[in-house]
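Below, each chain spelled out in residue letters.
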Amino acid sequence: MQSEKPNHTKPLVSLENVKKSHLSQNQYTISLLNDALQIGMLTDKEVYNIQNQLMLILKDLIGRYTQGESSSVSSDTAESIFASILYAIDAYTFQFDDPKKAITYLKTVKVRRVYEKGVGLVRQCFKETEQLYKEINNNKLDVAVEAYNVSIEESVPVFLRKYDIIFDAHNTMASIDYPLAVDDMSIQGVFYLKQYLTRLKMETELCHLFNQEDLQKILINYGKICRFDYRIELFNIFRLTFNNAVFSILSGGNANQLIISANQYKQLYLLFTETNDSQIHSIIHKAIDQLDYDLNINEPKMKNYLKHCGADLIQTIINAVNHDKLQTLIIMEKELKPKSIVTTFKASDRMSDNHFRLLIEKVMGYDKITDKVEIIRKNFHSLYDYIDMLNADCLLAIEYEALFSTFGDIELAILAKKVFYEELRNETVDLSSALVKEKEVEMEWQMQFIKFITNMDTERKITIEKYIYDIDYEESIFTKQSQ
């Protein structure tokens, strides 16, 4: 560890300025030692002694890592093990409210003892995190949001299964995609996961206070308003729920009501557009206090979490008013369509993985285009299977046109929603425009689909465009036959 270059006229850090909040949490002990050296609480000799003790711990752990077969490892492995050692020591030294007491402790207690106590804290945190996960997994929301479900069902279990307290404690090895309403990603390892799950538990508990059918409705309406498939997008469910509950209170509804009517939206629009920023601050804080009271929220951590989310909501409202985007913030109830559009794509007909593989092999075994198209049309009925089949590259470039020619306008519109997904989020799609023809895609079938669409006559393109906007993602992915 290198100390800062000394300044003999004025110390870079004074004794009074050694504060916990000023130190790097991810390199807490290192920051602590650097500051202690600068203010004279530690001498060069004492820091050198601490460094030597750290190296002895590293030497022992490398022996354990190689199971005694070698005293050396790659530099990357050595750096990772050393970071794991510091993570455990940080866990212990961070407990001291006063950093100066932590410095004194490091001076007077052997570093190995500090490390062992730190490992104990990391181990205890891991056990608490496992328990948190069990509680969340048993109480998770019944929603079709992919990131939420995958994070709970797959990503967190991967972390818990692979986490290495001794050799890789600092590593947050799971790819957790689901975003929290309020997150602190500066924390690492199991302490981050515990914080993540603690907050996810609070968010889930609040969402469970509302009617779950209403919760499902605002997710669907959110997708309609933002013109995307809410199942595959990254967004926070709790934030939508919290926002609409606050909006309900402000428009004369109950705190446990999530559905915002057209009349309520008009009230909210007038309220936010006719008040200044200071007034918006006041009415949101009052609404959150009312929410706490009506939903009987008394737990301090939850109340503080809602206040934090309220501060974010205030700024979001102000920005939405300034950019005329309130309609994307206030999730209003959408009218239900009388019936679903008839299509040959049906979710209930999705085939097993084994059946799918056998059919793909069969398709690739045929020489004639007509035979390939016939087996596809006879056996594939789910949109999922069609997309998987197209992604499997089982057709040659010239064969896609023959397959697409057998689709009706509705089926082509559904595929168009897939191919032009990003464009449809922000604007309308003109199938006759040069931008459509020039769109860059990754898959061969997408390239051939664009070619097929652009070669159509204008009248049919207009018909398909109309279906693109008439079909919701709710229908295009889980399609139902009209009754």
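## Concerning empty space enclosed by the protein
Over the atoms a probe the size of a water molecule is rolled, and this reveals where empty space is left.
So, point 1. Under the counting rule described, the total for this entry stands at two cavities of 30 Å³ or more.
So, point 2. Taken as a whole, the second largest cavity holds about 30 Å³ of empty space.
So, point 3. Looking at the second largest cavity, the residues that line it are L141, Y148, Y178, L200, E203, T204, C207, I237 and F238.
So, point 4. Within the residue set of the lining of the second largest cavity, elements represented by two or more residues are α7 (189-207) and α9 (237-250).
So, point 5. Element by element, the count of residues in the lining of the second largest cavity is highest for α7, at four residues.
So, point 6. Broken down by class, the residue content of the lining of the second largest cavity amounts to seven nonpolar, one polar and one charged.

## With respect to α9
So, point 1. In this model α9 runs 20 Å from its N-terminal to its C-terminal C-alpha over 14 residues, within 8% of the 20 Å that 1.5 Å per residue would give.
So, point 2. In terms of burial, α9 is a largely internal element, 12 of the 14 residues being buried.
So, point 3. Within the sequence span of α9, burial applies to I237, F238, L240, T241, F242, N243, N244, A245, V246, F247, S248 and I249.
So, point 4. One side-chain oxygen at the N-terminal end of α9 lies 3.3 Å from the backbone nitrogen of F238; it belongs to N236.
So, point 5. With its phi angle positive at about 90 degrees, G252 sits one or two positions after the end of α9.

## Looking at the packing of aromatic side chains
So, point 1. Using the criterion set out here, one finds 24 aromatic pairs in the structure.
So, point 2. When the centroid spacing of 5.9 Å and the interplanar angle of 80 degrees are considered together, the rings of Y92 and F96 count as edge-to-face. Residue Y92 shares its accessibility class with F96, and that shared class is buried.
So, point 3. Relative to F235, the ring of Y222 has its centre 5.1 Å away and its plane inclined at 55 degrees; by these criteria the two rings are tilted. Pair noted here: Y222 is in helix α8 (residues 212-226) and F235 is in the loop between α8 and α9, with a separation of 13 residues, a long-range link. Considered together, Y222 and F235 belong to a single accessibility category, that of buried residues.

## Quick word on the confidence of the model for the chain
So, point 1. Residues with a pLDDT of 70 or more make up 89% of the chain, whose mean pLDDT is 87.
So, point 2. Counting contacts from residues 1-13, a segment whose pLDDT is below 50, to residues more than four positions away or on other chains yields 16 contacts.
So, point 3. The low-confidence segment residues 475-483 (pLDDT under 50) makes 30 contacts with residues lying over four places distant or belonging to another chain.

## Observations concerning a negative patch on the surface
So, point 1. A contiguous patch of negative charge on the surface is contributed by E146, E153, E154 and D177.
So, point 2. Tracing the sequence through the fold places E154 in helix α6 (residues 146-162).

## Structural notes on the packing of α6 against α7
So, point 1. Where α6 contacts α7, the two axes come as close as 12 Å, and the packing angle between them is 150 degrees. Between α6 and α7, the crossing angle belongs to the class labelled roughly antiparallel. Taken as a pair, α6 and α7 cross one another with a handedness that is left-handed. Mapping the contact onto sequence places Y148, S151, I152, V156, F159 and L160 in α6 and G189, V190, L193, Y196, L197, L200 and T204 in α7.
So, point 2. Of the residues in the contact of α6 with α7, the class split is 10 nonpolar, three polar and no charged.

## Points about the nonpolar core
So, point 1. In this structure, I237, F272 and I284 are the most contacted members of the largest nonpolar core, which totals 118 residues.
So, point 2. The biggest single contributor to this core is helix α5 (residues 111-138), with 10 residues.
So, point 3. Residues F356, V419, V429 and L431 belong to the second largest nonpolar core, which totals 41 residues.

## Section: the side chain of T454
So, point 1. Within the secondary structure, T454 sits in helix α21 (residues 444-454).
So, point 2. A residue is classified by how much of its surface remains accessible, and T454, at 16% relative accessible area, is buried.
So, point 3. A polar side-chain atom of T454 sits 3.0 Å from the main-chain carbonyl oxygen of K451.
So, point 4. Discounting chain neighbours no more than four positions away, the residues touching T454 are L431, V436, K437 and K461.

## Quick look at the environment of A88
So, point 1. In this structure, A88 sits in helix α3 (residues 75-93).
So, point 2. Measuring from C-alpha to C-alpha, the distance between A88 and K117 comes to 7.9 Å, with 29 residues separating the pair along the chain.
So, point 3. With sequence-adjacent residues up to four places away left out, A88 is seen in contact with Y115, G118, V119 and V122.

## A word on the environment of D292
So, point 1. By secondary structure assignment, the location of D292 is in helix α11 (residues 277-294).
So, point 2. Classification of D292 as buried rests on a relative accessible area of 4%.
So, point 3. Once the C-alpha coordinates of D292 and K303 are considered, the two residues, 11 residues apart in sequence, prove to be 7.2 Å apart.
So, point 4. Not counting residues within four places of it along the chain, the set of residues in contact with D292 comprises I297, K303 and L306.

## A few points about the pattern of salt bridges
So, point 1. Counted under the stated rule, the structure contains 11 salt bridges.
So, point 2. As a salt-bridge pair, D229 and R231 come within 3.2 Å of each other at their nearest N and O atoms.
So, point 3. A relative accessible area of 7% places R231 in the buried class.
So, point 4. In this structure, the salt-bridge partner of E374 is K378, at a minimum N-O distance of 3.0 Å. Of this pair, E374 and K378 both sit in helix α15 (residues 369-379), four residues apart, which is roughly one turn of that helix.

Thresholds, definitions, all that
Residues numbered from 1 in each chain as written. Predicted model: local features only at pLDDT ≥ 70, side-chain atom pairs only at ≥ 80, totals over all residues. Heavy atoms only, no water. 1 Å grid on protein atoms, 1.4 Å probe; cavity = no way out; pocket = protein on both sides within 12 Å on 5 of 7 lines; lining within 4 Å. Points joined across faces, edges and corners; volume = space filled by probe spheres on them. Helix = DSSP H or I, 4+ residues; strand = E, 2+ residues; numbered from the N terminus. Nonpolar A, V, L, I, M, F, W, Y, C, P; charged D, E, K, R; others polar. Expected span 1.5 Å × (residues − 1). Buried < 20%, exposed > 50% of the residue type's maximum accessible area, 1.4 Å probe, protein only. Polar contact = N/O pair within 3.5 Å; in protein donor to acceptor, adjacent residues only side chain to side chain. Phe/Tyr/Trp six-rings, centres within 6.5 Å; stacked < 30°, edge-to-face > 60°. pLDDT = per-residue confidence, 0-100. Contact = heavy atoms within 4.5 Å. Patch = residues over 30% accessible without salt bridge, like charges linked within 9 Å, V, L, I, M, F, W, Y side chains within 5 Å. Areas by Shrake-Rupley, 256 points an atom, 1.4 Å probe, with all protein chains shown as cover. Salt bridge = Lys/Arg side-chain N within 4 Å of Asp/Glu carboxyl O. Lys, Arg positive; Asp, Glu negative; His and termini not counted. Charge placed at Lys NZ, Arg CZ, Asp CG, Glu CD. Axes fitted to C-alpha atoms, helices over the stretch in contact; angles between N-to-C directions. Parallel < 35°, antiparallel > 145°, perpendicular 65-115°, else oblique. Left-handed = near helix turned anticlockwise from the far one by under 90°. Core = buried A, V, L, I, M, F, W, Y, C linked by side-chain atoms within 4.5 Å.

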